[in-house]
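Spelled out, the chains give:
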Amino acid sequence: MAQRGHGLTQVIRWISYLMALGVTFAVGAAKPYLSSGDYAKYVQRLTCSVDDPDQDDKIRLKKVRYGTSGKGRPLFAHIVEPANSLNAKARNVYILGAQHGDERNTKIVLDFFVRELATLSNDFRNRRRIIVIPNYNPDGYKRYHRLNASNIDLNRDFPSADGHEDAPRAPETAAFMKLLEKYPAYSMYNIHQPFRVVLYYPEDESFARPFSLLSDYPLGTGVGYPTPGSLGTYMREKKVPIITVELARHMKAAVAPYIFEEIRFALYYSAFGCIPKPAQKSRIESYIAE
Ligand SMILES: [Zn+2]
């Protein structure tokens, strides 16, 4: 019996006809980078400003100890509370560094970011709670090692469907999961090194693309090896947008100001949902001078 192809089958058939005719398709052919002019326009479009911001009232970051590492080191989060009265509807945005302790410039870059946040007028707060954890794995960081003190990979320690049956095994993970209970995540940015890429799941493209365009880091959809029990897999199961940002390769601390400069606007946009106008002034000289 002759069968009519339906919907999808027919589309595929048409595509193969056209390809046979030498018609090429640009699938998802968004420009991978912006020209300098388009970049400036893009930044302009994402900029937010405040009329007559109170310069004497700066954003206060609460330094919250949310747990203790295996070796007894404090686990700290720096929290910008949402503007008063918007508390109940706050969107909790997480930005994490040094989940792998040897990726040390992730911590240094987020330390710079925390320091800069504190220079903004309090009037730039909005309905977001910004939670920055520069040093997620202080024991690994201390010993220049990817793993925590018990040799657990903290980015493979979450109770996702493909995770370890005893997950979470590390105190660092358990503490972070408690923080997540207190402040359920609206979005999450997990900063790693060294592949210089913005990794995302297809459903999170609207979060990944601005980060990529603002940093000029390419987009990518996988690291090329399985990551069971990763924070990415876990948050995806909870339907929370999560972007894994792999910073540039440079491991020397002296290069951190340049890496920060690359992703500054992307970090501000991720945190605030816009780029506060005063944040557009670069401080790179002061960081290099240190
Ligand atoms: Zn890593």
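What you see is a predicted model, and the numbers here were worked out from it, not measured in a lab. (Residues numbered from 1 in each chain as written. Predicted model: local features only at pLDDT ≥ 70, side-chain atom pairs only at ≥ 80, totals over all residues.)

Description of the overall build of the protein
Consideration 1: Helix and strand counts for the protein come out as 9 helices and 10 strands.
Consideration 2: When burial is assessed residue by residue, the protein has 37% of its 290 residues classed as buried.
Consideration 3: Taking the contacts inside the protein whose residues are at least 6 apart along the sequence as the reference set, 73% of them involve residues at least 24 apart. (Helix = DSSP H or I, 4+ residues; strand = E, 2+ residues; numbered from the N terminus. Buried ≥ 20, exposed ≤ 12 C-beta atoms within 10 Å, placed from the backbone. Contact = placed C-beta atoms within 7 Å.)

Observations concerning the confidence of the model for the protein
Consideration 1: Here the protein averages 90 in pLDDT, and 88% of its residues register 70 or above.
Consideration 2: When the criterion is pLDDT under 50, residues 1–5 qualifies, and its contacts beyond four places in sequence or with other chains add up to 2 contacts.
Consideration 3: Note that pLDDT drops below 50 for residues 18–29; the model gives that stretch 1 contact with residues more than four away or on any other chain. (pLDDT = per-residue confidence, 0-100.)

So, the sheet that holds strand E2 (residues 61–68)
Consideration 1: On the basis of which strands lie adjacent, the open sheet formed by 8 strands has the order E2-E3-E5-E4-E6-E9-E7-E8 and mixed pairing. Single-partner strands in this sheet number two, and they are E2 and strand E8 (219–220).
Consideration 2: Along the sheet face, helix H8 (residues 256–272) touches strand E4 (91–96), strand E5 (128–133) and strand E6 (185–192) and points at about 150 degrees away from the line of E4. (Pairing = 2+ DSSP bridges. Axes fitted to C-alpha atoms, helices over the stretch in contact; angles between N-to-C directions.)

Side note on the pairing of E6
Consideration 1: The buried count for E6 comes to 6 of 8 residues, which makes it a mostly enclosed element.
Consideration 2: Here E4 pairs with E6 via 5 bridges, running parallel. Its bridge partner being in E6, Leu96 is matched across the sheet by Asn190.

What about helix H3 (residues 104–117)?
Consideration 1: Along its 14 residues, H3 runs 20 Å from first to last C-alpha, staying within 8% of the 20 Å computed at 1.5 Å per residue.
Consideration 2: With 10 of 14 residues buried, H3 lies mostly within the body of the structure.
Consideration 3: Those residues of H3 that sit buried are Arg104, Asn105, Thr106, Lys107, Ile108, Val109, Leu110, Phe112, Phe113 and Leu117. (Expected span 1.5 Å × (residues − 1).)

Concerning the environment of Ala185
Consideration 1: As for its position among the elements, Ala185 is in strand E6.
Consideration 2: In this structure Ala185 comes out as partly exposed when scored by C-beta crowding, with 17 C-beta atoms within 10 Å.
Consideration 3: When neighbours within four sequence positions are excluded, Ala185 is seen to be in contact with Asn92, Tyr94, Leu180, Met235 and Val240.

Quick notes on the environment of Asn105
Consideration 1: Along the chain, the position of Asn105 falls in helix H3.
Consideration 2: A C-alpha to C-alpha distance of 7.9 Å links Asn105 and His250, two positions 145 residues apart in sequence.
Consideration 3: When near neighbours in sequence (up to four residues on either side) are disregarded, Asn105 contacts Gln193, Leu247, His250, Met251, Ala253, Val255, Ala256 and Ile259.

A closer look at the nonpolar core
Consideration 1: Residues Ile95, Val109, Val132, Val198, Ile243 and Tyr268 are the most contacted members of the largest nonpolar core, which totals 57 residues.
Consideration 2: Looking at which element gives the most residues to this core, the answer is H8, with 11 residues.
Consideration 3: Among all residues touching Ile243, those that are not within four sequence positions of it are Tyr189, Val198, Tyr200, Asp204, Phe207, Ala208 and Phe211. (Core = buried A, V, L, I, M, F, W, Y, C linked by C-beta atoms within 7 Å.)

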